[in-house]
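If you want the building blocks of each chain, they are given just below.
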Amino acid sequence: MTDMAKGALHGIKVLDLSRVLAGPSCTQILADLGADVIKVERPDIGDETRHWAPPTFSDDTSAYYATINRNKKSLTVDITTPAGQTIIKQLIADSDIVVENFKVGGLKKYGLDYDSLKQDNPRLIYASLTGFGQTGPDAARPGYDYIIQGLSGLMSITGPADGEPHKVGVAVVDLFAGLQLTIGIQAALIARETTGLGQQVDVALLDSALAMLANVGMNHLASGQIPPRLGNQHPNIVPYQVFAGQGEQHFILACGNDSQFAKLCDVLAVNWHMDEHFTTNPQRVANRELLCDELSNKFAEQPRSYWLEVLDKAGIPCGAIHNVAEALAMPQALAREMVVDFATQGSPVRALGNPIKLSASPVTYRTPPPKLSEHTDSTLADLGYDSDMIAKLKADGIV
């Protein structure tokens, strides 16, 4: 197998000191792309998501843990002990990347902070993911996805217009921050090719969530107005929301321009696109309630299946609202390998696939999520520890 076939990041060594979701989601992407990732966990306990169950697969692997830990090795080390710190430093000496999500300064007392480690390994890329970043008045505060969704304003624009603010259904800030960390790491790898030096990558949940505000945040910066919560409606485009067909079967209509709205009027056999209240998108935004009430009445005349068929035929963006089972069973999702089965590796785990498709160095699904401490002995042996030394470390609770 060529290096390209082994993955775009084949040969890159990553030491993963992160846990839960945001950090491990980043290191799984790196692992999928071919990097060699060693996940460091606490002896006996491991990453806390191992215990976030039910549900579990038949081998007791929690679904949550399996979400973001495939293609990794599991090494258990007590980093609070001098012997444990020695093991970590030995691994870092040969690593390209360290990923950690401890509180700011939390690893300094163990000599595992960036300033300490870069002296011995100036090529090291040290990726830190925290709630509020390495600087600023809130840097020392712990960060949690749910709390950050609230603080960032994201919840203020999510949920029913007349109801309470809602969080997104998955930990979207954690996952988005993990993506940002991955991008930062890859940028640092490219920079290292020129400079020969590593650097620290500093990503915060709050920063990531603020960036996620995107056009809604920009609406505020442009107007000075506080963006309202619009439920399933779009702040800048109308009609661009959920409607119900006959029998309360919901679907999404997404008219992104005046041409699509004119096509919609043709399908509905109305001439609203010639009405001065609705001709252009700014006019439709100004008269949102009036237009959407008319559309709701029209769509109630036929079932969802009818509207999806005629709208799609007319080239008007639309789609059904699937539950999770329906979404994962879509022929398109299966064709794109967005459900991965590890049965051939003897594991009952099935997982969501990686959306990155590379033509020459594709992602690979080499190993299922590891059992706790599965690779401790082999990793220590690679560092030169013999069986007696490993037995002593285990007896002392170091690994």
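Higher on the page you've got the structure.
Since the structure is predicted, the reported quantities are computational estimates derived from the model, not experimental observations.

Trainee: Explanation requested: the nonpolar core in the structure shown.
Mentor: Side chains of a nonpolar character, in soluble globular proteins, are inclined to be buried together. By size, the foremost hydrophobic cluster in this structure holds 32 residues, and its most contacted members are Val14, Ile97, Leu181 and Ile185. If you list the elements that add at least two residues to this core, you get helix H1 (22-32), strand S4 (97-100), strand S5 (125-130), helix H6 (172-195), strand S6 (200-204) and helix H7 (205-212). The dominant element in this core, judged by the number of residues it contributes, is H6, at seven residues. Ignoring sequence-local partners within four residues, the contact set of Ile185 consists of Cys26, Leu30, Ile97, Val99, Ile125, Ala127 and Val201. Counting 25 residues, the second-largest nonpolar core is a separate cluster that includes Leu17, Tyr126, Ile390 and Ile398.

Trainee: Explain the sheet that holds S5 here, please?
Mentor: By definition, the strands of a sheet pair up through backbone hydrogen bonds, in either a parallel or an antiparallel sense. Pairing is parallel across the open sheet formed by six strands, whose spatial order is S3-S2-S1-S4-S5-S6. Looking at strand neighbours, the two that pair on one side only are strand S3 (72-76) and S6, the edges of this open sheet. The average angle at which neighbouring strand axes cross in this sheet is 20 degrees, direction not considered. Relative to S6, S5 runs parallel, the two being bridged by five bridges. By the bridge assignment, Leu129 is partnered in S6 with Val203. Sheet strands touched by helix H3 (residues 82-93): strand S1 (13-16), strand S2 (36-41), S3 and S4. Its angle to S1, the strand with the most contacts, is close to 155 degrees. Helix-sheet contacts for H7 involve S5 and S6, and the interaxial angle to S6 is about 60 degrees.

Trainee: Sorry, what's going on with the sheet that holds strand S8 (residues 250-254) here?
Mentor: An order of S7-S8-S9 is seen for the three strands of this open sheet, with the pairing classed as antiparallel. Each end of this open sheet is capped by a strand with a single partner; those strands are strand S7 (240-244) and strand S9 (318-320). In this sheet, adjacent strand axes meet at a mean angle of 25 degrees when their direction is disregarded. Sheet topology note: the S8/S9 ladder contains three bridges and is antiparallel. Looking across to S9, one finds that Ile252 is bridged to Gly319. Along the sheet face, helix H11 (residues 288-299) touches S7 and S8 and points at about 40 degrees away from the line of S7.

Trainee: Please explain the packing of aromatic side chains as it appears in this structure.
Mentor: For any pair of aromatic rings, the description consists of the separation of the ring centres together with the inter-plane angle of the planes. Across all of its chains, the model carries six aromatic pairs by this definition. Here the aromatic rings of Tyr114 and Tyr126 are separated by 5.7 Å at their centres, their planes lie at 45 degrees, and the arrangement is tilted. One end of the pair, Tyr114, is in helix H4 (residues 114-117); the other, Tyr126, is in strand S5, with twelve residues separating them in the sequence. Take Tyr114: its relative accessible area is 12%, and that puts it in the buried class. The exposure class assigned to Tyr126 is buried, which follows from its relative accessible area of 2%. Ring geometry for Phe243 and Phe299: centres 5.1 Å apart, planes at 55 degrees, overall tilted. Of this pair, Phe243 sits in strand S7 while Phe299 sits in helix H11, and the two are 56 residues apart along the sequence.

Trainee: Got a minute to help me understand the environment of Val363 in this structure?
Mentor: Tracing the backbone through its elements, the reader meets Val363 in the loop between strand S11 (350-352) and helix H15 (376-382). Taking the relative accessible area as the measure of exposure, Val363 reaches 14% and is therefore buried. Here the alpha-carbon distance between Val363 and Gln233, two residues 130 residues apart in the chain, equals 36 Å. Sequence-distant contacts of Val363, defined by excluding residues within four places in its chain, comprise Asp32, Leu33, Asn354 and Ile356.

Trainee: I keep staring at the side chain of Ser95 and nothing clicks. Help me out?
Mentor: Structurally, the position occupied by Ser95 is in the loop between H3 and S4. On the accessibility criterion, Ser95 (9% relative accessible area) is buried. Ignoring any residue separated from it by four or fewer positions in sequence, one finds Ser95 in contact with Lys13, Leu15, Asn121 and Leu124.

Trainee: In this structure, what is going on with a nonpolar patch on the surface? I would like to understand it.
Mentor: Taken together, the side chains of Tyr144, Tyr146, Ile147 and Leu151 make up a nonpolar region of the molecular surface, amounting to roughly 450 Å² of accessible area. If you trace the backbone, Ile147 turns up in helix H5 (residues 145-151).

Trainee: When you look at the side chain of Arg284 in this model, what are you seeing that I'm missing?
Mentor: For Arg284, the position within the fold is in helix H10 (residues 281-286). A relative accessible area of 0% means that Arg284 is categorised as buried. Within the local environment of Arg284, its side chain forms a polar contact with the backbone oxygen of Phe278, the two atoms lying 2.9 Å apart. Once residues lying within four places of it in the same chain are set aside, the contact partners of Arg284 are Val238, Pro239, Asn257, Asp258, Phe261, His277, Phe278, Thr279 and Leu291.

Quick notes on the rules
Residues numbered from 1 in each chain as written. Predicted model: local features only at pLDDT ≥ 70, side-chain atom pairs only at ≥ 80, totals over all residues. Heavy atoms only, no water. Core = buried A, V, L, I, M, F, W, Y, C linked by side-chain atoms within 4.5 Å. Buried < 20%, exposed > 50% of the residue type's maximum accessible area, 1.4 Å probe, protein only. Helix = DSSP H or I, 4+ residues; strand = E, 2+ residues; numbered from the N terminus. Contact = heavy atoms within 4.5 Å. Pairing = 2+ DSSP bridges. Axes fitted to C-alpha atoms, helices over the stretch in contact; angles between N-to-C directions. Phe/Tyr/Trp six-rings, centres within 6.5 Å; stacked < 30°, edge-to-face > 60°. Patch = residues over 30% accessible without salt bridge, like charges linked within 9 Å, V, L, I, M, F, W, Y side chains within 5 Å. Areas by Shrake-Rupley, 256 points an atom, 1.4 Å probe, with all protein chains shown as cover. Salt bridge = Lys/Arg side-chain N within 4 Å of Asp/Glu carboxyl O. Polar contact = N/O pair within 3.5 Å; in protein donor to acceptor, adjacent residues only side chain to side chain.

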